[in-house]
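What follows is each chain in one-letter form.
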Amino acid sequence: MVTRSKHIKINHEFIRELTKLPECENLKNCYQCGACSSYCPSFKYSKVYNPRKIVQDVLVGLKDEILENTNLWFCGVCHACTEQCPQGVELSEILSHIRNLASKIGNIPTHLVSEVKNLLETGQVVPPSSAINRRREKFGLPELPDAPVDEIRTLVKSTGFEDMIRRKIELEKAKEREIMEEAKARMKKMEEKKTEDA
Amino acid sequence: MTEYALFLGCMVPNRLPHLEFSFRKILNHLDSNDLVHDISGFGCCPEPIGFPGMDNITFMTLAARNLTVAEEQKLDILTLCTGCFESLKTASVKLKHEPKLLEKVNKHLSKVGREYNGTVEVKHIAQFFYDDIGFEKLKKNVVKHLDNIKVAAHYGCHLLRPSEILAFDDPHNPTKLDELIEATGAKSVMYLRRDYCCGAGTKSLDGNVAAEMVMEKLRQIARVGADCMSVVCPFCFLQFDLGQEMASRAFKDSYDVPYQIPVLYYTQLLGLSFGIDPKEFDFKRHRIKVKPLLEKIDAVAVPAV
Ligand code: SF4
Ligand code: SF4
């Protein structure tokens, strides 16, 4: 007998919301053939990431399960799925949009948060280094102009991106605090038990 | 002739300056410096894997900002990295065809006193050599036919896909990079999984998954007896050079490792056929030794007549 966890919530609006967007409207054409997954390198090697299954879950309406799943970020954005889909589903775009929604609720991997921090500090994701600059000189390469950090900061503020990342960082800190508190409480209990036993 | 602003990106100038050097060296050698300009004002492209996934409108806005920098100077953009190419080209194509998106992006750009008018074209250097420089000029400069070496071309995802937007080559059966490689006299060999990803996009999340992708490519490339690989992206370069060493270590029990397949950025390969002294390219920086390849080339390379 198939039993269903009572925690699964079906959201019938999710597919409607998504297909309203021009980049996601062809989502309904998916007939679950699995060509996307069979060409997806992340599916092949991660064993936990499956683009066809994500579409299936969207069609069924498992909004929360999808958006909370950190494996979403296994997509390497190689666009093989989009190129291979016989139904013209622009899957890599759709998956990217789904990650946009996931990001809004704080599902962003930590390496990307660091990437953003680099960007806001230096204007680049891979910042310059003095050792490399010396090597550039040896090669006779031109000096690098300063990156436009101020403009970038203004723009990410304007789009609301900075706020989103700040919320994510705060969420992370809160989680860390919670773990610390729990650990402390456990320690305390153990100490108490020890003195009791003694 | 179209003139370009050189978009260096972050990985090439800040981590792999020897790749940048090889491009500039070739440009100079071809007497084409006046086609490519260094201008200031560019920021992060931004990278095409994480950023559009976190927030598409921020991605578009930051990319469009770069387009305005070139637009001000009435230049098109030339990139050394396929990642920068995908980001900037995607933005340029979409902003040209989606007026509502352009309006949204311009509203943000106005906060820094900018506006994008949709006039900038974006090209990757592979296309630049293919279209702008052309085969006649390339072949005229080949003084050392690399006849005796077999090269495995790795195009990279972000040069080919999504083909509807990037429009570089046939996504299933591309030939342009092979043709460019063969201009040096070398043979570009076919192998399975040519269109496979280098794995750079998953490296930060799970190094093992990325290493598996590297190994799969290397296994196929080794099977057809290629003497080296040729790439056109700094991220692919790092995956196959440093990544080859690391993956060989990680999978030492399960594959015929270690592989020793040298990885050359396209303009390095081109430079060898132009007779430029290999010492200039600082191949010592490569993790997989290039020396055996150079020796093989010198053993029988026939001077072009
Ligand atoms: S390839 Fe297209 S139709 Fe087939 S499962 Fe994937 S998205 Fe659906
Ligand atoms: S774009 Fe993402 S989901 Fe599609 S094939 Fe590539 S890694 Fe898989």
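In this text, all values refer to a predicted model and were calculated from it rather than measured experimentally.

Thresholds applied
- Residues numbered from 1 in each chain as written.
- Chains lettered and ligands numbered in written order.
- Predicted model: local features only at pLDDT ≥ 70, side-chain atom pairs only at ≥ 80, totals over all residues.
- Heavy atoms only, no water.
- Helix = DSSP H or I, 4+ residues; strand = E, 2+ residues; numbered from the N terminus.
- Rg over C-alpha atoms; globule rule 2.2 N^0.38 Å.
- Buried < 20%, exposed > 50% of the residue type's maximum accessible area, 1.4 Å probe, protein only.
- Near = heavy atom within 4 Å.
- Nonpolar A, V, L, I, M, F, W, Y, C, P; charged D, E, K, R; others polar.
- Pairing = 2+ DSSP bridges.
- Domains from an automatic or database assignment.
- Buried area = accessible area lost by both parts, 1.4 Å probe.
- Salt bridge = Lys/Arg side-chain N within 4 Å of Asp/Glu carboxyl O.
- Polar contact = N/O pair within 3.5 Å; in protein donor to acceptor, adjacent residues only side chain to side chain.
- Arc of directions from axis to C-beta.
- Contact = heavy atoms within 4.5 Å.
- Core = buried A, V, L, I, M, F, W, Y, C linked by side-chain atoms within 4.5 Å.

(A) View of the overall build of chain B. Of the regular secondary structure elements, chain B holds 17 helices and 10 strands. Over its C-alpha trace chain B gives a radius of gyration of 19 Å, about what one expects of a compact globule, namely 19 Å for 305 residues. Over its C-alpha atoms, taken along the principal directions, chain B stretches across nearly 60 × 45 × 30 Å. Among the 305 residues that make up chain B, the fraction classed as buried is 66%.

(B) Quick look at helix H10 (residues 149-158) of chain A. Listing the buried residues of H10 of chain A in full gives Val149, Ile152, Leu155, Val156 and Ser158 of chain A. One or two positions beyond H10 of chain A, positive phi appears at Gly160 of chain A, with a value near 85°.

(C) Region of the structure containing the site of ligand 1. Near ligand 1 lie 13 residues; those nearest to it are Cys30, Cys33, Gly34, Cys36 and Cys85 of chain A. Of the residues that constitute the shell around ligand 1, the class distribution is nine nonpolar, three polar and one charged.

(D) A look at the sheet that holds strand E9 (residues 263-265) of chain B. Residue and element names in this part refer to chain B. With parallel pairing, four strands are arranged side by side in an open sheet as E7-E6-E8-E9. Across the chains shown, the open sheet's two edge strands, defined by having one partner strand only, are strand E7 (187-188) and E9. Of the strand pairs in this sheet, strand E6 (residues 150-154) and E7 are connected by two bridges, and their pairing is parallel. The partner of Lys150 across the bridge, within E7, is Lys187.

(E) Representation of the domain arrangement of chain B in the model. Residues and elements named next belong to chain B. The assigned domain composition of chain B is domain 1 (4-125) and domain 2 (135-303). Each of domain 1 and domain 2 was reduced to a C-alpha centroid, and the two centroids are 25 Å apart. Taken together, the two surfaces of domain 1 and domain 2 that pack against each other cover about 2,600 Å², and 74% of this comes from carbon and sulfur. The interface formed by domain 1 and domain 2 holds one salt bridge in total. Glu280 is the partner of Lys25 in a salt bridge, and the nearest nitrogen-oxygen pair spans 2.9 Å. In this assembly, domain 1 and domain 2 are joined by seven residue pairs in polar contact (both at pLDDT 80 or more). Among the elements of the structure, helix H1 (11-15), helix H2 (17-29) and helix H5 (82-97) are those that each provide at least two residues to the side of domain 1 that touches domain 2.

(F) Focus on the sheet that holds strand E1 (residues 4-7) of chain B. Residues and elements named next belong to chain B. A sheet is described by the order of its strands in space; here four strands give the open sequence E2-E1-E3-E4, paired in parallel fashion. If you trace the sheet from one side to the other, it starts and ends with strand E2 (36-37) and strand E4 (122-124), each paired once. As judged from the four bridges shared by E1 and strand E3 (residues 76-79), these two strands associate in the parallel manner. By the bridge assignment, Leu6 is partnered in E3 with Leu78.

(G) Region of interest: the site of ligand 2. Around ligand 2 there are 13 residues in total, and Cys40, Cys75, Cys78, His79 and Cys81 of chain A lie nearest to it. Mapped by element, the contributors of at least two residues to the shell around ligand 2 are helix H6 (80-84) and helix H7 (91-104) of chain A.

(H) View of the domain arrangement of chain A. Under the domain assignment, chain A is made up of domain 1 (12-104) and domain 2 (110-197). Here the C-alpha centroids of domain 1 of chain A and domain 2 of chain A sit 28 Å apart.

(I) Focus on unusual backbone geometry. Note that the residue after Cys45 of chain B, namely Pro46 of chain B, is joined by a cis bond; omega there is -15°. Within the fold, Pro46 of chain B resides in the loop between E2 and helix H3 (50-54). Here the bond from Arg161 of chain B into Pro162 of chain B is cis, since omega is -5°, no more than 30 degrees from zero. Secondary-structure assignment places Pro162 of chain B in the loop between helix H9 (157-160) and helix H10 (163-166). Positive phi outside glycine occurs at His79 of chain A, with the angle close to 65°. Note that His79 of chain A resides in the loop between helix H5 (63-68) and H6.

(J) Layout of the pattern of salt bridges. Taken as a whole and judged by the stated rule, the model has 29 salt bridges over all chains. Of the charged contacts in the structure, one is a salt bridge between Arg114 of chain B and Glu151 of chain A, with a shortest N-O distance of 2.7 Å. Of the two residues, Arg114 of chain B sits in the loop between helix H6 (99-109) and E4 while Glu151 of chain A sits in helix H10, which places them in two different chains. The closest approach of N and O atoms between Asp178 of chain B and Arg194 of chain B, which form a salt bridge, is 2.8 Å. Taken together, the residues Asp178 of chain B in helix H11 (residues 176-182) and Arg194 of chain B in the loop between E7 and helix H12 (200-203) connect sequence positions 16 residues apart. Comparing Asp178 of chain B with Arg194 of chain B, the two get one shared label, buried. Through salt bridges with shared partners, a single network forms among Arg136 of chain A together with Glu20, Arg24 and Asp38 of chain B.

(K) Spotlight on helix H4 (residues 51-60) of chain A. All names here are of chain A. All buried positions along H4 are accounted for by Pro51, Ile54, Val55, Asp57 and Val58. One face of H4 carries all of its buried residues, which in axial projection span an arc of 160°. Residues of H4 that are buried sit in contact with helix H1 (13-20), helix H2 (35-39), helix H3 (41-46), H5 and H7. With a side-chain oxygen positioned 3.2 Å from the backbone nitrogen of Arg52, the residue opening H4 is Asn50. Of the residues flanking the end of H4, it is Gly61, one or two places downstream, whose phi is positive at about 100°.

(L) Spotlight on the nonpolar core. Residue and element names in this part refer to chain B. Membership of the largest hydrophobic core comes to 162 residues, with the highest contact counts inside it found for Met54, Phe128 and Phe129. Looking at this core, the element that brings in the most residues is helix H4 (residues 56-72), giving nine residues. If we ignore the near neighbours within four places in the chain, the residues touching Phe129 are Phe23, Ile26, Leu30, Gly134, Leu138, Leu180, Tyr266, Thr267 and Leu270.

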